[in-house]
Amino acid sequence: MAAERGNRLHRWLDRYAGIPLAALAAGGRMLERPRRSADPADARRVGIICLGAIGDLLLLSGLLEGLRRRLPEAELELVVSSGNAGAAPLIPHADAVTAFGVRHVPTMLRHVRARRYDLLIDSTQWARLGAIVSNLSGAGLTVGFATKGQARALGYDRTVAHSPDLHETENFLALGRALWPGLCGAPALRLPAAEPALSPQLTRALADGRRHAFLHMWPAGYKSGLKEWPAAHWARLARELTGAGFSVWLTGSAADAPRNAAFLREHLPGAPHLHSLAGRTSLPELAWLLSRADAVVSVNTGVMHLAALAGAPTVGLHGATDPRRWGPVGPRCVSLLPRAGRFAYLDLGFEYPRDAEPALQHLPVEDVLAALHGLHAL
């Protein structure tokens, strides 16, 4: 979803066409409001919309745990985007998953209306698409965010304030607490039970007897370059890690493979014990590997959340993003911020000031090494 959500045309359409369409759909919801029971305790078919990025879906897993406790007999279906669908097999408590491209709105609407949900929860934070689908769903009861300045909440049966002062895990749980005030849950992963069938080359490298550190260099989404840590810093960190007895693995999507190759060629030519995993594993396979990692360092993106929830010693690098809102959640993780500059200012993900600079240039390698020592990973 990062490419979908970060697309300027998509955002423009969502705002300037989405706001009036959401208002019209809200009017339709009021006219068509179902006469079925609106008691959430009676819900047997529950839909949860998540059209955000991979990290959103991973953090949303805490809400699904809470819903499963409250509705043990209900069918919980995730309606996700094609951009985050790869993480869906890792989400516990989901009985079914259906994925759509954000441009395939008619198909999404037909599916949602055919399901006739007793309860539909829209976890979309700012985009109007989730509200439009929810308002036209025909669901017995709908819940969604009222996000300041986004004009998207008119049609929901229950609304929840989307708070910039809460970690997004708590915002997601608040959707369930609109129905059950005591609802609780924690993000978690359903890791693959068996070792993934990787290529012989990767299998041999993973069995080299060294400890394994995974580095994720590439942020995703809108103005991603402003969230990057300098390549020279990554190169020094990689040298420090290989010198300390680690094999270093650069993660990423298939689209990141050329960037990983260029980084290794330009900054670490011929250096041993360095590998690129970009595009060579599925997300469940990567989660399995991260669950056995000795150290992970990542910019704020879905892989950071994946590593933290997998239990890896994880250092999250935050520049524009605020770790109080988007920091990693897990048993062994720490968040770092730059020592100078303007940072931690993003709320919904697109509020960059005109003079924004890559704030992570002010985060020294020494701070990352100290954090790894603090996690007993070094």
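Above this text sits the structure in question.
Residues numbered from 1 in each chain as written. Predicted model: local features only at pLDDT ≥ 70, side-chain atom pairs only at ≥ 80, totals over all residues. Heavy atoms only, no water.

**So, the pairing of strand 2 (residues 75-81)**
Burial analysis of strand 2 places six of its seven residues in the buried class, the great majority of the element. The sheet contact formed by strand 1 (residues 45-50) and strand 2 spans six bridges and is parallel. Residue pairing in the sheet places arginine 45 in a bridge with glutamate 75 of strand 2. Handedness of the strand 1-helix 4 (residues 54-70)-strand 2 crossover: right-handed. (Buried < 20%, exposed > 50% of the residue type's maximum accessible area, 1.4 Å probe, protein only. Helix = DSSP H or I, 4+ residues; strand = E, 2+ residues; numbered from the N terminus. Pairing = 2+ DSSP bridges. Right-handed = clockwise from strand over helix to strand, strands pointing away.)

**As for helix 12 (residues 302-309)**
Counting buried residues along helix 12, eight of its eight residues qualify, which places the element largely inside the surrounding structure. Those residues of helix 12 not exposed but buried are Gly302, Val303, Met304, His305, Leu306, Ala307, Ala308 and Leu309. Positive phi shows up at glycine 311, right after helix 12, with a value of about 90 degrees.

**Examining the side chain of serine 123**
Structurally, serine 123 can be placed in the loop between strand 4 (119-122) and helix 6 (128-135). What makes serine 123 buried here is its relative accessible area of 2%.

**Remarks on the pattern of salt bridges**
By the definition in use, this model includes 16 salt bridges. With a closest N to O distance of 2.7 Å, arginine 325 and glutamate 168 form a salt bridge. In this pair, arginine 325 sits in helix 13 (residues 323-326) while glutamate 168 sits in helix 7 (residues 168-177), placing the two residues 157 residues apart along the sequence. Glutamate 168 sits in the buried class, given a relative accessible area of 0%. With a shortest N-O distance of 2.9 Å, arginine 177 and glutamate 170 are connected by a salt bridge. (Salt bridge = Lys/Arg side-chain N within 4 Å of Asp/Glu carboxyl O.)

**Some words on the packing of aromatic side chains**
Each aromatic ring pair is characterised by the separation of its centres together with the angle its planes make. In this structure the tally under the stated criterion is five aromatic pairs. Note on phenylalanine 145 and phenylalanine 172: the rings are 6.4 Å apart at their centroids and 40 degrees apart in plane angle, and the pair reads as tilted. Remark: phenylalanine 172 occurs in helix 7 and phenylalanine 145 occurs in strand 5 (residues 141-146); sequence separation between them is 27 residues. Relative accessible area serves as the criterion here: at 0%, phenylalanine 145 is assigned to the buried category. Judged by its relative accessible area of 0%, phenylalanine 172 falls in the buried class. Look at tyrosine 345 and tyrosine 352: their rings are 5.9 Å apart centre to centre, the planes differ by 80 degrees, and that puts the pair in the edge-to-face class. (Phe/Tyr/Trp six-rings, centres within 6.5 Å; stacked < 30°, edge-to-face > 60°.)

**What about the nonpolar core?**
Formed by 56 residues in total, the largest nonpolar core has its most connected members in Leu57, Leu60, Leu78, Leu119, Leu290 and Leu306. The dominant element in this core, judged by the number of residues it contributes, is helix 4, at seven residues. The contact partners of leucine 119, leaving out residues within four places of it in the chain, are Ala43, Arg45, Val46, Gly47, Leu141, Val143, Leu179 and Trp180. (Core = buried A, V, L, I, M, F, W, Y, C linked by side-chain atoms within 4.5 Å. Contact = heavy atoms within 4.5 Å.)

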